[in-house]
Structures are given as C-alpha cells and as structure tokens.
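Inside the fold
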Amino acid sequence: DAGITQSPRHKVTETGTPVTLRCHQTENHRYMYWYRQDPGHGLRLIHYSYGVKDTDKGEVSDGYSVSRSKTEDFLLTLESATSSQTSVYFCAIREDTEAFFGQGTRLTVV
Amino acid sequence: GEDVEQSLFLSVREGDSSVINCTYTDSSSTYLYWYKQEPGAGLQLLTYIFSNMDMKQDQRLTVLLNKKDKHLSLRIADTQTGDSAIYFCAGSGSARQLTFGSGTQLTVLP
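Report follows, based on the coordinates. (Residues numbered from 1 in each chain as written. Chains lettered and ligands numbered in written order. Predicted model: local features only at pLDDT ≥ 70, side-chain atom pairs only at ≥ 80, totals over all residues. Heavy atoms only, no water.)

**Overview of the overall build of chain A**
Of the regular secondary structure elements, chain A holds 0 helices and 11 strands. Counted from the first residue to the last, chain A has its helices and strands arranged as β-β-β-β-β-β-β-β-β-β-β. A globule of 110 residues ought to have a C-alpha radius of gyration of about 13 Å, and chain A, at 13 Å, matches this closely. With the principal axes as the frame, chain A shows a C-alpha extent of 40 × 25 × 25 Å. By the burial criterion, 50% of the 110 residues in chain A qualify as buried. Taking as baseline every contact in chain A between residues at least 6 positions apart, the subset at least 24 positions apart corresponds to 53%. (Helix = DSSP H or I, 4+ residues; strand = E, 2+ residues; numbered from the N terminus. Rg over C-alpha atoms; globule rule 2.2 N^0.38 Å. Buried < 20%, exposed > 50% of the residue type's maximum accessible area, 1.4 Å probe, protein only. Contact = heavy atoms within 4.5 Å.)

**Some details on the overall build of chain B**
If you tally the helices and strands in chain B, you get 0 helices and 11 strands. Taking 110 residues into account, the globule formula puts the C-alpha radius of gyration at 13 Å, and chain B, at 13 Å, falls close to it. Projected onto the principal axes, the alpha-carbon positions of chain B cover approximately 40 × 30 × 20 Å. Across the 110 residues of chain B, 45% fall into the buried class. Taking the intrachain contacts of chain B between residues at least 6 apart in sequence as the baseline, contacts between residues at least 24 apart amount to 52%. Measuring between centres, the 9 positive side-chain charges of chain B sit 4 Å from its 12 negative side-chain charges. (Lys, Arg positive; Asp, Glu negative; His and termini not counted. Charge placed at Lys NZ, Arg CZ, Asp CG, Glu CD.)

**Focus on the pairing of strand S3 (residues 18–24) of chain B**
On any regular strand, side chains alternate: one points to one face of the sheet, the next to the other face. Residues and elements named next belong to chain B. Of the two faces of S3, the one lined by Ser 18, Ile 20, Cys 22 and Tyr 24 is fully buried and the one lined by Val 19, Asn 21 and Thr 23 carries no buried residue. Where strand S1 (residues 4–6) and S3 come together, 3 bridges link them in antiparallel fashion. Residue pairing for S3: Val 4 is matched across the bridge by Tyr 24. (Pairing = 2+ DSSP bridges.)

**Some thoughts on the state of the cysteines**
Residues and elements named next belong to chain A. As enumerated under the stated definition, the model contains 2 disulfides over all chains in all. Between the sulfur of Cys 23 and that of Cys 91 lies a disulfide, 1.8 Å long from S to S. Handedness of the Cys 23-Cys 91 disulfide follows from its S-S torsion of about -70°: it is left-handed. In this pair, Cys 23 sits in strand S3 (residues 19–25) while Cys 91 sits in strand S9 (residues 87–95), placing the two residues 68 residues apart along the sequence. The two residues Cys 23 and Cys 91 agree in class, both being buried. (Disulfide = S-S within 2.5 Å.)

**A few points about the sheet that holds strand S7 (residues 61–66) of chain B**
All names here are of chain B. Pairing in this open sheet of 5 strands is antiparallel, and the strands run S1-S3-S8-S7-S6 from one edge to the other. Here the strands that pair on one side only, and so sit at the sheet edges, are S1 and strand S6 (55–58). Averaged over all adjacent pairs, the angle separating strand axes in this sheet is 15°, with direction ignored. In this sheet, strand S8 (residues 71–76) lies alongside S7 in antiparallel orientation, the contact comprising 6 bridges. Note on S8: the bridge partner recorded for Leu 61 is Ile 76. (Axes fitted to C-alpha atoms, helices over the stretch in contact; angles between N-to-C directions.)

**Examining the pattern of salt bridges**
Applying the stated criterion across every chain, the model contains 8 salt bridges over all chains. Between Asp 83 of chain B and Arg 60 of chain B there is a salt bridge, with the nearest N and O atoms lying 2.9 Å from each other. Highlighted residues: Asp 83 of chain B in the loop between S8 and strand S9 (85–92) and Arg 60 of chain B in the loop between S6 and S7, separated in sequence by 23 residues. The shortest N-O distance in the salt bridge between Lys 68 of chain B and Asp 69 of chain B comes to 3.6 Å. Here the salt bridges share partners, and the residues they tie into one network are Arg 22, Lys 70 and Asp 73 of chain A. (Salt bridge = Lys/Arg side-chain N within 4 Å of Asp/Glu carboxyl O.)

**Some words on the layout of surface pockets**
Roughly 540 Å³ of volume is contained in the largest pocket. Along the wall of the largest pocket there are 28 residues; nearest its centre are Gln 37 and Arg 106 of chain A together with Gln 37, Ile 86 and Phe 88 of chain B. Broken down by secondary-structure element, the contributors of at least two residues to the lining of the largest pocket are strand S4 (31–38) and S9 of chain A together with S9 and strand S11 (104–109) of chain B. Of the residues in the lining of the largest pocket, the class split is 10 nonpolar, 14 polar and 4 charged. (1 Å grid on protein atoms, 1.4 Å probe; cavity = no way out; pocket = protein on both sides within 12 Å on 5 of 7 lines; lining within 4 Å. Points joined across faces, edges and corners; volume = space filled by probe spheres on them. Nonpolar A, V, L, I, M, F, W, Y, C, P; charged D, E, K, R; others polar.)

**Quick notes on the sheet that holds S3 of chain A**
All names here are of chain A. Read across the sheet, 4 strands follow the order S1-S3-S8-S7 without closing on themselves; strand pairing throughout is antiparallel. Only two strands of the sheet have a single partner each, and these edge strands are strand S1 (4–7) and strand S7 (64–70). Recorded for the sheet is a direction-independent mean angle of 20° between the axes of neighbouring strands. The pairing of S3 with strand S8 (residues 73–78) spans 6 bridges and is antiparallel. Directly across from Leu 21, in S8, lies its bridge partner Leu 76.

Encoded structure:
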C-alpha cells in the first residue's frame, strides 16, 4: 500500500456541513493527489500537491479545497457538503514512474 | 487535456485470454498504466509501459502500445476467477497526475 493511510474510511454527513478527509503517507513523496470515483466516470482528479504549501486544481475542484502543511499529510476539505459530493475519494502518491493509491474513503452526504 | 476511453464490460471463460482495450488522446503521455480494482478496494498498479516501447510482458500480463493509433491493450493469459475486477487504463499528464478511463468490468465465467 506504499504507506498511504486515508481517514476516515467511511463517513456520513449532512448537507451543508464541512468535512475534512485526511491522507497520510510515510514515504516522504513530493507528489500527492486527491481523486473521486463515481460510476461511469472512472477516477477524476480533484486537487494535487507538488510540495509543502504547493497545490493546484484538478479537473473537478469546485467545492473542494486542500492543504498541505507537512510533507506527509494532504487534507481535502468540503467546505459545505452537497449530495453531488457523495462519492468514494482516493488519495494517491507518486513515486518516480509509479503511482500508488490509498484504500479510499466512502463519503455519503444526506 | 487527456481523454481516455475504455469499453465498459468484458466477459471471458476461465482459462481463456482476456484483452482489454483503451484509447487515449494525449500523445505526450510519457507513461501509460493499467490498474486493477477489486470490489471495495483501492487501485492496485498492475503494470505500466513507457511511451517509447511497443510491448511489455510481465508473467501473465502483456501490454501492447500502438502510438500511431493511440491504442493501449492489456492481455491477461489463462484468465482465472480471481482476475474478475474493474481494470483502468491511465495516462500521465503534466504535474505527473494520471488521467483515467472509465474502467472495464472483467467477468470471468467458470
């Protein structure tokens, strides 16, 4: 699993509440990514980071923000959760040519 | 940006070969990847191919790359029931993020 831990693994939250998902890595990799997985869409990039405090938007960044204050942690925040953000969220790290994924966080917004 | 397409479903008999196809649009992708996802799990990197290669073989897996047609395929020899899963192809883009296809659900019939 390349030392990637996502937390929580499952979460149910109400519409309009803020939610933060955490990705923790133990390998000191520079590049980290947040993807969401939805049926029929594969995985789509939300945000990524190329170093501490260096982040950029991906394909589906609206409604999400990220922070990376330490190399090992990459946080994804839904400022005000909506039902369209119900999804499975995956964190990934990039090690040279290979990218490895965490086990995912299943988020349900009711 | 990169666009990656895959057929959604494939069924094969146990012991036969499976061929999963993928087309991509960005000819500048340096690496092309195949990932496997079992139910409820994260993505497992199966193999990848550098864009200047035509073929890569790794045990039961063979990857073929046709750069002219921007076509990538994954052949699984002697397919087993444990190979039933969703298979994603992905291309690498700028900032090293991956762009994924929608995934192919492989079903192996006894």
